[in-house]
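# Survey of secondary and tertiary structure
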Amino acid sequence: RWGRQISHSILQVESERDNGERSYERIRAMGENGTPDIIILFIGINDNVSGVKTSDFEAGYKTMIDRTMEVYPNAYILLATFYYSHYHIREASHAQYSEETRLAYNEVIRDLAKEYQVGLVELADIWEAGVSPTALDAGSTGYLGDNLHPSDKGMKKLSEYFVADIKKYFGL
């Protein structure tokens, strides 16, 4: 049974660090349909767009992991790296997305997976693994609904990677 998706960014975690009740509410909300056995932390795409420094991203991600482990100590936690997006080539965008930041964030996520001894889903090369660049185009025909966030089709593709890693972990 699939649980609930909680949208969260590291920037939100950072701004709530002193008064973290809001992020705790979001974490607790994952259990509204029952205590989760598996939690996938795939957060921070908007932080890249917002220009969050890598050091702040890391601190916020640690806070999110710590709080998630506190609320759900028996859950298997997976962290997920970020896939390539051509969002950064949008000329009229006010966003600060950069490929360099995406790669730096991915290194942070990999390091944290090792530090916390949790699972890691490598999405960094998902689109390069047999998905043509034109398949990324925004809209219902592409994997990315807005050239950054996954469309329904993109979420289905991501879920295949999540399920494969979960099966591998549990030996299925």
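Scroll up for the structure.
The structure contained in this document is the topic of the report that follows.

Calculation rules
- Residues numbered from 1 in each chain as written.
- Predicted model: local features only at pLDDT ≥ 70, side-chain atom pairs only at ≥ 80, totals over all residues.
- Heavy atoms only, no water.
- Helix = DSSP H or I, 4+ residues; strand = E, 2+ residues; numbered from the N terminus.
- Buried < 20%, exposed > 50% of the residue type's maximum accessible area, 1.4 Å probe, protein only.
- Lys, Arg positive; Asp, Glu negative; His and termini not counted.
- Salt bridge = Lys/Arg side-chain N within 4 Å of Asp/Glu carboxyl O.
- Contact = heavy atoms within 4.5 Å.
- Expected span 1.5 Å × (residues − 1).
- Pairing = 2+ DSSP bridges.
- Axes fitted to C-alpha atoms, helices over the stretch in contact; angles between N-to-C directions.

### Looking at the side chain of D165
- By secondary structure assignment, the location of D165 is in helix α6 (residues 152–170).
- No salt bridge is formed by the buried D165. Its closest oppositely charged neighbour is K168, at 4.2 Å.
- Those residues in contact with D165 that lie beyond four places of it in its chain are L78, L120, V121 and E122.

### As for the environment of I126
- Mapped onto the elements, I126 comes out in the loop between β3 (119–121) and α6.
- Sequence separation between I126 and T81 is 45 residues; the distance between their C-alpha atoms is 9.9 Å.

### Topic: α6
- With 19 residues, α6 extends 27 Å between its outermost C-alpha atoms, agreeing within 8% with the 27 Å of an ideal straight helix rising 1.5 Å per residue.
- All buried positions along α6 are accounted for by G154, K157, L158, F162, D165 and I166.
- Contact partners of the buried residues in α6: β1 (38–41), β2 (76–80) and β3.

### A few points about the pairing of β1
- Covered by surrounding structure in β1 are I39 and L41 only, the residues I38 and I40 on the alternate face being uncovered.
- As paired strands, β1 and β2 are joined by four bridges and run parallel to one another. Its bridge partner being in β2, I40 is matched across the sheet by L78.

### Looking at helix α5 (residues 99–116)
- Spanning 18 residues, α5 covers 26 Å between terminal C-alpha atoms, matching the ideal 26 Å at 1.5 Å per step.
- Buried-residue contacts for α5 involve α3 (45–49), α4 (54–71), β2 and β3.
- Positive phi appears at Q117, one or two residues downstream of α5, with a value of about 55°.

### Focus: the sheet that holds β2
- Pairing is parallel across the open sheet formed by three strands, whose spatial order is β1-β2-β3. Looking at which strands have only one partner, the edges of the open sheet turn out to be β1 and β3. This sheet shows a mean twist of 25° between the axes of neighbouring strands, independent of strand direction.
- Strands β1, β2 and β3 of the sheet are contacted by α6, whose axis makes an angle of about 140° with β2.

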